[in-house]
Amino acid sequence: MRPYLEVLPRSPEASWSMLNRRLDDCIPFQWHHHPEFELTLTLNSIGQRFIGDHSGDYGDGDLVLVGPNLPHSWVSRAKIEEEKPHIALVLWFNRDWLLQITGGAVEFRSIEAMLQRGDNGLRFSQTTSAAVRSSFETIFEKPPVERLLALLGILVRVAEDRHATPLASAPAQAPDLKESRERIDRVLTHMHLHYARAISLDELADIAALSVSGLHRMFRRHTGGTISDYLMRMRIGDACARLSSTDQAVQHISDAVGYASLANFNRQFKALKGMTPREYRAMFLRR
């Protein structure tokens, strides 16, 4: 299990960090946080992202800004082109460092405004994602000074996106005690490994070494929601990936993601997505 507080890689030639992450098997659930902003472009992958109390589906070209110390993770469900890897192009930068560079310059006011909104996390439009995709893909090949200029160019472009939508309902709270972070990490990792079967509250409480009421309080404090709602979003997210990328029967998908009742699956799917599973699949077939 990776540590909850992630220490980022840092080159002696650079004052910020980046990662060209390519995974053949999957993007695994790794719930973590760090004091830097994170700008991530995800390619050739379908799955779910979890940022604070936000959970949502992602696909190819998903471009997201994560605020400082906001717990987050991606978890893949499928590739778009099976012969290619899942790709996550990640840029990390510190708020104070970036503000020192922009120095109050008029040209960079949009970046400063974006940082103020970005504490909760932001999802950028597909238009903006497409506009910066080439810069993202080539930035890793540049020498240090050109990489820094490319980073500023990317940030200026995404900061101009008027269709960027907030993700978490609130920015990160002050870090809790290490013990509390380790408890929620154990619980969330167990849920992501076993969500496709019945998971009892007593089981999770044992993992957290808390009473059931203490588990509920800790879970809401860290995620902003309930355990049942979190499980539902994971299961429906998995179902969405299967509906959009496979021809599996709806009944089979319902069983595979943890629903004993097809009727309950259909009801929860429609409540979360505003349409039935078959309507959701038909939407992708039309595309």
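Here's what I pulled together on the structure shown here. Just so it is clear, the model here is predicted, and its values are computed rather than measured. (Residues numbered from 1 in each chain as written. Predicted model: local features only at pLDDT ≥ 70, side-chain atom pairs only at ≥ 80, totals over all residues. Heavy atoms only, no water.)

Moving on, we come to the sheet that holds strand 2 (residues 37-43). In a beta sheet, neighbouring strands are held together by backbone hydrogen bonds and run either parallel or antiparallel to one another. Pairing is antiparallel in the open sheet, where six strands are placed in the order 1-7-2-5-8-9. The sheet is open, and its two borders are formed by strand 1 (17-23) and strand 9 (165-166), each paired with just one other strand. Here strand 5 (residues 62-66) pairs with strand 8 (residues 122-123) via two bridges, running antiparallel. Counterpart to Leu-65 in the pairing with strand 8 is Leu-122. (Pairing = 2+ DSSP bridges. Helix = DSSP H or I, 4+ residues; strand = E, 2+ residues; numbered from the N terminus.)

Running from N to C, helix 1 (residues 95-102) and helix 4 (residues 144-159) point in directions that differ by 95 degrees, and their axes come no closer than 13 Å. Compared by their axis directions, helix 1 and helix 4 come out roughly perpendicular. On helix 4, the residues that touch Trp-97, Leu-98 and Ile-101 of helix 1 are Leu-148, Leu-151, Leu-152 and Leu-155. (Axes fitted to C-alpha atoms, helices over the stretch in contact; angles between N-to-C directions. Parallel < 35°, antiparallel > 145°, perpendicular 65-115°, else oblique. Contact = heavy atoms within 4.5 Å.)

What follows covers the environment of Leu-149. Mapped onto the elements, Leu-149 comes out in helix 4. Separated by 10 residues in sequence, Leu-149 and Ile-139 place their C-alpha atoms 9.5 Å apart.

Our next topic: the packing of aromatic side chains. Remark: the centre distance and the inter-plane angle together describe each pair of aromatic rings, the angle taken between the planes. Per the counting criterion, the structure on display carries seven aromatic pairs. Aromatic rings pair up to connect Phe-29, Phe-50, Phe-219 and Tyr-230 into one cluster. (Phe/Tyr/Trp six-rings, centres within 6.5 Å; stacked < 30°, edge-to-face > 60°.)

Under the criterion given, the structure shown has zero disulfides. Looking at the unpaired Cys-26, the closest cysteine sulfur is the one in Cys-240, lying at 19 Å. On the basis of relative accessibility, which here comes to 1%, the residue Cys-240 falls in the buried class. (Disulfide = S-S within 2.5 Å. Buried < 20%, exposed > 50% of the residue type's maximum accessible area, 1.4 Å probe, protein only.)

What follows covers the sheet that holds strand 4 (residues 54-58). Reading across the sheet, the three strands line up as 4-3-6 and stay open at both edges, with antiparallel pairing between neighbours. Since the sheet does not close on itself, it has two edges, and those belong to strand 4 and strand 6 (72-78), each with one partner. Within this sheet the neighbouring strands show an average axis-to-axis angle of 15 degrees, counted without direction. Where strand 3 (residues 46-51) lies against strand 4, five bridges are found, and the strand directions are antiparallel. Within strand 4, the residue paired with Gln-48 across the bridge is Asp-57. In the packing of helix 8 (residues 227-245) onto the sheet, the strands contacted are strand 3, strand 4 and strand 6, and the crossing angle to strand 3 comes to about 155 degrees.

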